[in-house]
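As a plain string of letters, each chain reads:
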Amino acid sequence: MAASKEKETLQNAAGQLRLIKHFKTHSPDNQTAGWSNLWDTNSSDLWDRGMPSPALIDFIEERFNPLTGDGRRKKALIPGCGKGYDIVMLALHGFEVFGLEVSETGASVAREYARNELHSPQDYNFGSHYKVDPGVGKGEVAVLQGDFFKRDWEGGMQFDLIYDYTFLCALHPNMRRQWAGRMADLLAPSGWLVCLEFPLFKDPKMLGPPWGLKGVHWDLLAEGGDGIVGGDVGEGAKGEGKGQFERLLYLKPERSYANGKGTDMLSVYVKKST
C-alpha cells in the first residue's frame, strides 16, 4: 500500500512538472492554445481525477436544492469541465447543467461520457446522503465549446450554481482578476459560487499550473484584489470587503480527492446585493 501511494505521488509530481514546462512556452495572458494542445495530444491524464468530486457530492446532497420555489430546475455551470464527471453528477441530482471546455476535443470527450453515464450511472455519482426524489428526477447536460473569458457562448444566461475546482488554479495569476469579473457576470443574483480550493499546500509563489491558491479566492472575491497573495489568508479572514462577493460558507469537506493532501477547503460565495 505504501509503495502504491509513493508511486502515485511521484506520478503526480511528474505530471505537474510537465504542465509547468508546457506552459512556459505560452503567453501568460492567454494560455487557451496550451490547454487545447494538451487535449489534442491526448494528455488529459495530467489533470483527470477519474470520478466526480466527493466534496461537491456531499455539499449538494446536504445543502443545495436543485429546484427553485416554482419547480424550475436550477442552472449549473462548470467551466473547464474536463471529461464531464461533475456535470453528469449534478444532472443526476436534478440540475440543468452546462459544461464548458475551450477545446472541441475536450468537449467531445465530455459529451460522450455524459451520454454513457446518464444512461447507466456508476455508484460514485452518489453519496451517503442521497435520496431518490420522484419529484426531481434527472436534469439535462449540455457541453459547450468556448472561451470562458469571451461573451459568445453563454447566450445571456446566468447560473444558480457555478462550481470551480481546478479551473482557477490552471490560470496564470495575471488572469485571476478577469476570472472574478466573469464569475460576477455569470452568477445569478441569488446564485452560489462553490469553490473547492486547491492546491492549498503549494506556495502561491511557486510556478504552476496548478498554481497555489491559499488566500487567493478570498482576496479576489471578498476583497476585490488581484489574487496575488502571500498565502496567509484563510478561515476567519477579515478585511475591508471591497469585492463583489461575500463568503457564505468556508468548511473542510469530510471527503475530497487525495491530490489535495488533506488541505482542500470548500468555500461558497454569493454576490453582494446592490
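Residues numbered from 1 in each chain as written. Predicted model: local features only at pLDDT ≥ 70, side-chain atom pairs only at ≥ 80, totals over all residues. Heavy atoms only, no water.

## Overview of the sheet that holds strand S7 (residues 265-271)
Keep this limit in mind: In short, DSSP must find at least two bridges between two strands for them to pair. Elements are defined by DSSP. Helices are runs of H or I of four residues or more, strands are runs of E of two residues or more, and each kind is numbered from the N terminus. The axes used here are C-alpha line fits, helices contributing only the stretch in contact, and every angle between their N-to-C directions lies in the interval 0 to 180 degrees.
The strand order across the open sheet formed by seven strands is S3-S2-S1-S4-S5-S7-S6, and the pairing between neighbours is mixed. Two strands bound the open sheet, and with one partner strand each, they are strand S3 (141-145) and strand S6 (245-251). Averaged over all adjacent pairs, the angle separating strand axes in this sheet is 20°, with direction ignored. Sheet topology places strand S5 (residues 187-197) next to S7; five bridges connect them, and they run antiparallel.

## Structural notes on the environment of Ala55
Put simply, the rule is: For the exposure calls, accessible area comes from a 1.4 Å probe over protein chains only, and a residue counts as buried if that area is under 20% of its type's maximum, exposed if over 50%, partly exposed in between. Contact definition: two residues touch when any of their heavy atoms are within 4.5 Å.
Mapping Ala55 onto the fold places it in helix H3 (residues 54-63). The class for Ala55 is buried, based on a relative accessible area of 3%. Measuring from C-alpha to C-alpha, the distance between Ala55 and Met265 comes to 9.2 Å, with 210 residues separating the pair along the chain. Not counting residues up to four positions away in its chain, the partners in contact with Ala55 are Leu196, Pro253, Arg255, Ser256 and Leu266.

## Focus: the confidence of the model for the protein
We apply this condition: The predictor's confidence in any single residue is recorded as pLDDT, a number from 0 to 100.
Scored by pLDDT, the protein has a mean of 87; 79% of the residues are at 70 or more. Across residues 1-11 the pLDDT falls below 50, and counting only partners more than four positions away or on other chains, this stretch makes one contact in the model.

## Observations regarding unusual backbone geometry
Residue Gly208 is joined to Pro209 through a cis peptide bond whose omega torsion reads 5°. Along the chain, Pro209 falls in the loop between S5 and helix H7 (216-222). Residues Pro209 and Pro210 are joined by a peptide bond in cis, for which omega reads -10°. In this model, Lys261 sits at a positive phi of 55°, which is unusual for a non-glycine residue. Tracing the backbone through its elements, the reader meets Lys261 in the loop between S6 and S7.

## Side note on helix H4 (residues 85-92)
An α-helix turns once per 3.6 residues; consequently, residues spaced three or four apart project the same way. Of all eight residues that make up H4, eight are buried, and the element is covered over most of its length. Within the span of H4, buried status applies to Tyr85, Asp86, Ile87, Val88, Met89, Leu90, Ala91 and Leu92. As for H4, its buried residues are in contact with H3, strand S1 (75-79), strand S2 (96-101), helix H5 (104-119), S3 and strand S4 (159-164). Gly94 lies just past H4 and shows a positive phi near 110°.

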